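Structure at a glance
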Amino acid sequence: MIETAIEVTDGQVPASVIRKVLDMGREMLGHDVELLPHAADVLAALRGKYTLILITKGDLLDQQRKIAQSGLRDIFDAVEIVSRKSAVEYHDIFDRYGQGAEAGLMVVNSMASDVVPMIEAGGWGVYVPHGLTWAVEHAEPPTDHPRFAQIADLGELAAVIERIVA
């Protein structure tokens, strides 16, 4: 956020604004991690049947803190914290850990950063809407694409996976 403030003000951001940004960051770091409904149960059911990779974007230390605090780290076969999400990035990750993006499935709450690039990479994108999704993450859902699905909550994921692997 500080980098953005510097960029949008051409380096003229007042110290008071930087202080507010830092205060917001400290407050954000103090928030507990809240799992989405059914997340732990679904991951536990999928563990051992599929390679589970957590792909997240953001500040390395903050993402590591959230993953540790979630209590789910040991369920995942791998964790990738990336600086950007794109079809190329997904190709690389899914090639490293599996049979390529074409055999991969992303279950996410971001249309722009996750669903669209995953489908562009040749994989499946399952969208789970969430009320706290950033505005910049909105994009038109590819509803007519055969590798797109939308579910109301993670409790519906097993049925989607069954349909895909059938």
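Shown above is the structure to which this text applies.
Residues numbered from 1 in each chain as written. Predicted model: local features only at pLDDT ≥ 70, side-chain atom pairs only at ≥ 80, totals over all residues. Heavy atoms only, no water.

**Quick notes on the environment of Gln 150**
Looking at the secondary structure, you find Gln 150 in strand 5 (residues 148-150). Taking relative accessible area as the criterion, Gln 150 reaches 45% and is therefore assigned partly exposed. Other than its neighbours up to four places away in sequence, Gln 150 contacts Tyr 127 and Pro 129. (Helix = DSSP H or I, 4+ residues; strand = E, 2+ residues; numbered from the N terminus. Buried < 20%, exposed > 50% of the residue type's maximum accessible area, 1.4 Å probe, protein only. Contact = heavy atoms within 4.5 Å.)

**Some details on the sheet that holds strand 3 (residues 105-108)**
One open sheet holds the three strands; their spatial order is 3-4-5, and the pairing between them is parallel. Unpaired on one side and paired on the other, strand 3 and strand 5 mark the two borders of the sheet. Within the sheet, the average angular offset between the axes of one strand and its neighbour, ignoring direction, is 15 degrees. With four bridges joining them, strand 3 and strand 4 (residues 124-127) adopt parallel strand pairing. The residue bridging Val 107 from the neighbouring strand is Val 126, located in strand 4. Set on the sheet, helix 6 (residues 111-120) makes contact with strand 3, strand 4 and strand 5; between it and strand 4 the angle comes to about 150 degrees. Its contacts with the sheet put helix 7 (residues 157-165) on strand 3, strand 4 and strand 5, and the angle it makes with strand 4 is roughly 160 degrees. (Pairing = 2+ DSSP bridges. Axes fitted to C-alpha atoms, helices over the stretch in contact; angles between N-to-C directions.)

**Remarks on unusual backbone geometry**
Residues other than glycine seldom take positive phi values, yet Asp 10 does so here, at roughly 50 degrees. Relative to the helices and strands, Asp 10 resides in the loop between helix 1 (2-8) and helix 2 (15-29). The backbone of His 38 shows a phi angle near 75 degrees, a positive value even though the residue is not glycine. Along the chain, His 38 turns up in the loop between helix 2 and helix 3 (39-46).

**A closer look at the pairing of strand 1 (residues 53-57)**
As paired strands, strand 1 and strand 2 (residues 78-82) are joined by five bridges and run parallel to one another. Bridging across to strand 2, Leu 54 finds its partner in Val 79. The parallel pair strand 1 and strand 2, bridged by helix 4 (residues 60-70), forms a crossover whose chirality is right-handed. (Right-handed = clockwise from strand over helix to strand, strands pointing away.)

**A few points about the environment of Val 116**
With respect to the helices, strands and loops of the structure, Val 116 is situated in helix 6. Residue classification places Val 116 among the partly exposed residues on the basis of a relative accessible area of 25%. The spacing of Val 116 and Ser 86 is 30 residues in sequence and 8.7 Å in space, taken between C-alpha atoms.

**Some details on helix 4**
Listed as buried for helix 4 are Asp 62, Gln 63, Ile 67 and Ser 70. For helix 4, the arc enclosing every buried residue in end-on projection is 135 degrees, short of the 170-degree limit, so these residues lie on one face. Among the exposed residues of helix 4, those oriented more than 90 degrees off its buried face are Leu 61 and Ala 68. Against helix 2, strand 1 and strand 2 lie the buried residues of helix 4. N-capping of helix 4 is provided by Asp 59, with a side-chain oxygen placed 3.3 Å from the backbone N of Leu 61. Of the residues one or two after helix 4, Gly 71 is the one with positive phi, at around 80 degrees. (Arc of directions from axis to C-beta. Polar contact = N/O pair within 3.5 Å; in protein donor to acceptor, adjacent residues only side chain to side chain.)

**Re the pattern of salt bridges**
With the rule as written, the count across this model stands at five salt bridges. Notably, a salt bridge pairs Asp 62 with Arg 65, separated by 2.9 Å at the nearest N-O pair. Here Asp 62 and its partner Arg 65 are both found in helix 4, three residues apart, which amounts to about one turn of the helix. Where salt bridges share partners, they join Asp 62, Arg 65 and Lys 66 into one cluster. (Salt bridge = Lys/Arg side-chain N within 4 Å of Asp/Glu carboxyl O.)

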